[in-house]
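So the chains spell out like this:
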Amino acid sequence: MSQKTSNEMWGGRFASGPAAIMEEINASIGFDKRLYAEDIDGSKAHAEMLAAQGIISADDAAAIADGLEQVRAEIAEGRFEFSRALEDIHMNVESRLAELIGDPAKRLHTARSRNDQVALDFRLHVKRAFAALADGLTGFMQALLERAEEHADTIMPGFTHLQSAQPVTFGHHCLAYVEMAARDRSRCRDALVRLDESPLGAAALAGTGFPIDRHRTAAALGFREPSRNSLDAVSDRDFALEYLSVAAIAATHLSRLAEELVIWSTPQFRFVRLSDAFSTGSSIMPQKRNPDAAELMRAKPGRINGALISLLTVMKGLPLTYSKDMQEDKEQVFDAIDSMTLSLAAATGMVRDVTVNVEAMRAAAGNGFSTATDLADWLVRTLNLPFREAHHVTGRVVALAESAGVGLEDLPLDALQSVEPRITPAVYGVLSVEASVRSRTSFGGTAPDNVRAQIGYWRARLEA
Ligand code: ARG
């Protein structure tokens, strides 16, 4: 019995196999077609500059610009046939351009490489994503401010350890998320300042001998300036890492809101009712209203954090300058951009639509002896007790109320005086949740007037 050689055994596959597998692993068109608009913008700016510098003729540049607009329309209208054999968006666009306009297309790639081209396209895309994220955050902040304004006086329990701690206002709670969103927005703006350099003209890695004008292309593409080092320009992906880290933090903030909405919308809490638009039913339990959108918003950091770790890992240890590893930079970022955009839109929609159950919040705010600190503070202010002693006295009062099964404000005066004889009826003035929140007037505190002042601050900031 004759044995086939390994070559013969694999022959059927290998005759065409390796090339096919190579094409499959090498191609990025499946995902980088998303960069087509940036690729065309970059090529138009490059061709215009080449003509202005006398490197190509004005006629060729005009033909290139016309042809690129035809390609743009074909792709935008879904009439473009992407080819995997052409690897990526850059080659697909250039090859179609040649079909459309012939010879002038062959001059487009003068003084350029796919290395600076892809660095440019991706950077432009992330720049747009950062700007969109900042805008989305502004919309989210506006929705929160509306809620805060309506509910500056609405009292709810404030929690630590998810245990009732002290009464707060719902408006104050909304403003906490405004603060988070504002920091996220300022991280977008900081990152945009660093990102604002054009890599176009770094060419493969070393720059070019052609008399190009990188300031001209940078300005045409809306960048502040060209990048100063060609090696760094083609190998830098910090801007993408920054988007992912900013998004990871922002998505984490949204996940905390999501978790609160999930908890608050349970029949056990009933603090809020999510609109039908953001709830789903159950296929078996007719009574259910499930907060699916909030749950997915809670889950999104799984993907976004994953993308951040993924790209950090791809970039780690890469020698300068470009390596094909860097083609693995895009899918994760695109996915993170989509997740972030969707999550923020859902958050904004939910905040706009949510119905707040003022009575349920108010009732819960009084549970759990939430004004115990107010009693301790009263003992300090009125009887001049040291705080530690006041804390101890209050603890005994709470124990008394707990065993009597009543709230602090329902304990009769003689019960209070059995713990501390100097307590007077004036104490009842601080034991209600309304009095408690009204008293929290320290800067940044929850008093309704403070909340209104903070809303004014943010409204002015958002309009500026
Ligand atoms: N598709 C490639 C990428 O995404 C474009 C750059 C290719 N450059 C190269 N030297 N092979 O990174």
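Residues numbered from 1 in each chain as written. Predicted model: local features only at pLDDT ≥ 70, side-chain atom pairs only at ≥ 80, totals over all residues. Heavy atoms only, no water.

Peer 1: Would you mind showing me how to read the nonpolar core here?
Peer 2: If you look at soluble globular proteins, the nonpolar side chains tend to sit buried side by side. The biggest cluster of nonpolar side chains holds 107 residues, and the ones touching the most others in it are Phe 130, Phe 140, Tyr 243 and Met 340. At 17 residues, the largest contribution of residues to this core is made by helix α11 (residues 238-264). Among all residues touching Met 340, those that are not within four sequence positions of it are Leu 133, Tyr 243, Ala 247, Ala 250, Ala 251, Leu 254 and Ile 304. Judged by nonpolar contacts, the second largest core, of 21 residues, contains Ala 376, Val 397, Val 419 and Ile 423. (Core = buried A, V, L, I, M, F, W, Y, C linked by side-chain atoms within 4.5 Å. Buried < 20%, exposed > 50% of the residue type's maximum accessible area, 1.4 Å probe, protein only. Helix = DSSP H or I, 4+ residues; strand = E, 2+ residues; numbered from the N terminus. Contact = heavy atoms within 4.5 Å.)

Peer 1: Got a minute to help me understand the pattern of salt bridges in this structure?
Peer 2: One side chain can pair with another of opposite charge once the charged atoms of both are near each other. All told, the structure shown has 37 salt bridges when counted by the stated rule. Several salt bridges share partner residues, and in doing so they unite Glu 38, Asp 41, Lys 44, Glu 69, Arg 72 and Arg 128 into one network. (Salt bridge = Lys/Arg side-chain N within 4 Å of Asp/Glu carboxyl O.)

Peer 1: Sorry if this is basic, but what is going on with the site of the ligand here?
Peer 2: Residues in close proximity to the ligand include Ser 28, Asp 32, Asp 88, His 90, Arg 114, Asn 115, Val 118, Tyr 322, Gln 327 and Lys 330, which together make up its full environment. Note that a nitrogen atom of the ligand is positioned 2.9 Å from one of the side-chain N or O atoms of Asn 115. In the model, an oxygen atom of the ligand is placed 2.4 Å from a nitrogen or oxygen of the Tyr 322 side chain. With the chains in place, 86% of the 340 Å² that the ligand exposes on its own is no longer accessible. If one sorts the elements of the shell around the ligand by residue count, helix α7 (residues 114-150) sits on top with three residues. Its residues assigned to classes, the shell around the ligand comprises two nonpolar, four polar and four charged. (Near = heavy atom within 4 Å. Polar contact = N/O pair within 3.5 Å; in protein donor to acceptor, adjacent residues only side chain to side chain. Areas by Shrake-Rupley, 256 points an atom, 1.4 Å probe, with all protein chains shown as cover. Nonpolar A, V, L, I, M, F, W, Y, C, P; charged D, E, K, R; others polar.)

Peer 1: Got a minute to help me understand the layout of surface pockets in this structure?
Peer 2: Which parts of space are left empty comes out when a probe the size of a water molecule is rolled across the atoms. Considered as a void within the structure, the largest pocket measures approximately 360 Å³ in volume. Around the largest pocket sit 17 residues that line it, and Ser 265, Thr 266, Pro 267, Val 272 and Arg 289 are the ones nearest its centre. For the lining of the largest pocket, the secondary structure elements donating two or more residues are β5 (272-273) and β6 (355-356). Classifying every residue of the lining of the largest pocket by side-chain character gives six nonpolar, seven polar and four charged. (1 Å grid on protein atoms, 1.4 Å probe; cavity = no way out; pocket = protein on both sides within 12 Å on 5 of 7 lines; lining within 4 Å. Points joined across faces, edges and corners; volume = space filled by probe spheres on them.)

Peer 1: What should I look at first to understand unusual backbone geometry in this one?
Peer 2: Negative phi values dominate among residues other than glycine, just as trans dominates among peptide bonds. Put simply, Leu 320 and Thr 321 share a cis peptide bond, and its omega is 0°. Along the chain, the position of Thr 321 falls in the loop between α12 (292-315) and α13 (330-353). Despite not being glycine, Glu 87 has its phi angle at roughly 70°, a positive value. Relative to the helices and strands, Glu 87 resides in the loop between α5 (58-76) and α6 (89-101). According to the relative accessible area criterion, Glu 87 is buried, its value standing at 19%.

Peer 1: Would you explain the side chain of Asn 357 in this entry?
Peer 2: Mapped onto the elements, Asn 357 comes out in the loop between β6 and α14 (358-366). Of note is the side chain of Asn 357, whose polar atom sits 3.0 Å from the backbone nitrogen of Ala 360. The residues touching Asn 357, leaving out its near neighbours within four places in the chain, are Arg 270, Phe 271 and Val 272.

Peer 1: Would you mind going over the packing of α7 against helix α8 (residues 170-195) with me for this structure?
Peer 2: If you want to describe how two helices pack, look at the angle between their axes and the distance between the axes. Between α7 and α8, the shortest axis-to-axis distance is 9 Å and the interhelical angle comes to 160°. Classified by the angle between their axes, α7 and α8 sit roughly antiparallel to one another. Seen along the crossing, α7 lies across α8 with a hand that is left-handed. For the contact of α7 with α8, the per-class residue count stands at 21 nonpolar, two polar and six charged. (Axes fitted to C-alpha atoms, helices over the stretch in contact; angles between N-to-C directions. Parallel < 35°, antiparallel > 145°, perpendicular 65-115°, else oblique. Left-handed = near helix turned anticlockwise from the far one by under 90°.)

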